[in-house]
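Summary of the model geometry
Listed here are the chains, written in short residue letters.
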Amino acid sequence: MNGPRGNPGPRAAGTGPRRTDIAFPFRIGTRGRTADAGYDDHVRDMIEQLLFTSPGERVMRPDFGCGLLDLVFAPNSPELASALRLTVQAALQRWLGDVIEVESLDVVSEENVVRVHLVYVVRRTGSHRVEEFEGRGAA
């Protein structure tokens, strides 16, 4: 399966050219070229893009995304928290299930901020990661 950026999955050792992943957000690196990212950081970038992309935002993949920022100003309730968690869990499984294994997920919505606390393992490298993603609604 291709990742959100359309990159092919990781290559087996010795089967082709070295893998290079572009850093997100796009920027120029210290050598004056497009900045790249290590694989584990690339996976984190893919998760961030998935969480904060609204379905319908990408023309060629209209069903991609979680739409978390669409719910930033929704009235906070236990039902909303449960819905957010299920939405994120389903999107992570659908789009990145072959890339990561989710160990723990918590979604918190406060005022105009949505925070996602995620503990996961990168399948390719076996790296255990603990990340927090934060999205703010436009005021």
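Residues numbered from 1 in each chain as written. Predicted model: local features only at pLDDT ≥ 70, side-chain atom pairs only at ≥ 80, totals over all residues. Heavy atoms only, no water.

As annotated in an unreviewed UniProt entry, the chain is IraD/Gp25-like domain-containing protein from Streptomyces albireticuli.

**Some points on helix H2 (residues 78–96)**
Counted only if it meets this: Secondary structure elements are defined from DSSP: runs of H or I of at least 4 residues count as helices, runs of E of at least 2 residues count as strands, and each element is numbered from the N terminus. Residue count minus one, scaled by 1.5 Å, sets the expected span of a helix. We call a residue buried when its accessible area falls under 20% of the maximum for its residue type, exposed when it is over 50%, and partly exposed in between, using a 1.4 Å probe and counting protein chains only. Here, the arc refers to the directions that run from the helix axis to the C-beta atoms. In this description, contact between two residues means that some pair of their heavy atoms is separated by no more than 4.5 Å.
For H2, spanning 19 residues, the distance from its first C-alpha to its last is 26 Å, which sits close to the expected 27 Å at 1.5 Å a residue. Here H2 has its buried residues at Leu 80, Leu 84, Val 88, Ala 91, Leu 92, Trp 95 and Leu 96. One side of H2 holds all its buried residues, which, seen down the axis, span an arc of 100°. Among the exposed residues of H2, those oriented more than 90 degrees off its buried face are Pro 78, Glu 79, Leu 86 and Gln 93. Of the surrounding elements, those touching the buried residues of H2 are helix H1 (39–52), strand E3 (100–110) and strand E4 (113–122).

**Thoughts on the pattern of salt bridges**
Condition: Salt bridge criterion: a side-chain nitrogen from Lys or Arg within 4 Å of a carboxyl oxygen from Asp or Glu.
Across all of its chains, the model carries seven salt bridges by this definition. For Arg 44, the salt bridge is made with Glu 131, and the minimal N-O distance between the two is 3.0 Å. On the criterion of sequence distance, the pair formed by Arg 44 in helix H1 and Glu 131 in strand E5 (residues 128–136) is long-range, its members being 87 residues apart. For Glu 131, a relative accessible area of 14% gives the class buried. In this structure, Glu 131 engages Arg 129 in a salt bridge whose closest nitrogen and oxygen atoms are separated by 2.8 Å.

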